Amino acid sequence: MPRTYLIEGISGSGKTSVATALEARGFHVIHGDRVLAFQGAPETGAPLPPDRRSTDPAFINAHHIWDVARVKTIIADRTRPVTFFCGASRNRQHFAHLFDAIFVLEADWPTIEARLAARHDEWGSDPAERALVAELHASRVDLPANAIAIDATRPLDIVVDDILASCR
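Residues numbered from 1 in each chain as written. Predicted model: local features only at pLDDT ≥ 70, side-chain atom pairs only at ≥ 80, totals over all residues. Heavy atoms only, no water.

Novice: How should I be thinking about unusual backbone geometry in this particular structure?
Specialist: Excluding glycine, most residues fall at negative phi; most peptide bonds, likewise, are trans. Positive phi is not limited to glycine here, since Asp-121 has a value of about 60°. If you trace the backbone, Asp-121 turns up in the loop between helix 5 (109-117) and helix 6 (127-139). (Helix = DSSP H or I, 4+ residues; strand = E, 2+ residues; numbered from the N terminus.)

See below:
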């Protein structure tokens, strides 16, 4: 029976690196923040019209949602034995129940901060974005409850092995 998993975490926790490593091992991976995300209303899933969008990091974070219909369509495709969705969304409550398990990548703040500082022209590279990520890291407000915690401070291959072992 096909299985689907969600890999979440704050910015800099390693979601994209894990997704790329899973792809390299031959798994079907959806980079949610690249192919499913847009600025929208978390309650309804409606895209925000251009005049209601903002460049404020807190606003962007609060309205970073995934296309629920596309998530459901991908999950309903039973032709692949395993699919991993990697990324974060503020409307997860509309589809989290469809996954066989949810993983959250965990790392201490110095590790996250170093990863964000190494970025160029992507989320977290701007000081205001990094400050927001620091707040989110401390509060854990955006992280899913009842997820399987994965220590993402270890080497990438070990992190991926840990996720795969938990999927068995």
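Anyway, onward from the coordinates.
Novice: So what exactly am I meant to see when it comes to the nonpolar core here?
Specialist: A general feature of soluble globular proteins is that nonpolar side chains tend to end up buried together. Ranked by internal contacts, the top residues of the largest apolar core, which has 20 residues, are Ile-7, Val-18, Leu-22, Phe-84, Phe-103, Leu-105 and Ile-163. Not counting the four nearest positions on each side in its chain, Phe-84 is found in contact with Tyr-5, Ile-7, Leu-22, Phe-27, His-28, Val-29, Ile-30, Ile-163, Leu-164 and Cys-167. Counting residues in hydrophobic clusters, the runner-up holds 12 residues, among them Leu-6, Leu-36, Ile-75 and Ile-102. (Core = buried A, V, L, I, M, F, W, Y, C linked by side-chain atoms within 4.5 Å. Buried < 20%, exposed > 50% of the residue type's maximum accessible area, 1.4 Å probe, protein only. Contact = heavy atoms within 4.5 Å.)

Novice: Quick question: what am I supposed to make of the side chain of Glu-129 here?
Specialist: Looking at the element boundaries, Glu-129 is found in helix 6. Here Glu-129 is buried and forms no salt bridge, its nearest opposite-charge partner Arg-119 lying at an N-O distance of 7.2 Å. Aside from chain neighbours lying at most four places away, what touches Glu-129 is Pro-57, Glu-122, Trp-123 and Gly-124. (Lys, Arg positive; Asp, Glu negative; His and termini not counted. Salt bridge = Lys/Arg side-chain N within 4 Å of Asp/Glu carboxyl O.)

Novice: Explain the packing of aromatic side chains here, please?
Specialist: How two aromatic rings sit relative to each other is given by the distance of their centres and the angle of their planes. Going through the model one piece at a time under the given rule, you end up with seven aromatic pairs. Here the aromatic rings of Tyr-5 and Phe-84 are separated by 5.4 Å at their centres, their planes lie at 25°, and the arrangement is stacked. Of this pair, Tyr-5 sits in strand 1 (residues 3-8) while Phe-84 sits in strand 5 (residues 82-86), and the two are 79 residues apart along the sequence. Across the pair, Phe-84 and Tyr-5 agree in class, each one buried. Seen from their ring centres, Phe-95 and Phe-99 are 6.2 Å apart, and the 70° between their planes marks the pair as edge-to-face. Look at Phe-95 and you get buried, because its relative accessible area is 0%. The exposure class assigned to Phe-99 is buried, which follows from its relative accessible area of 8%. The structure contains a cluster of three or more aromatic residues connected by ring pairs, namely Tyr-5, Phe-27, Phe-84 and Phe-103. (Phe/Tyr/Trp six-rings, centres within 6.5 Å; stacked < 30°, edge-to-face > 60°.)

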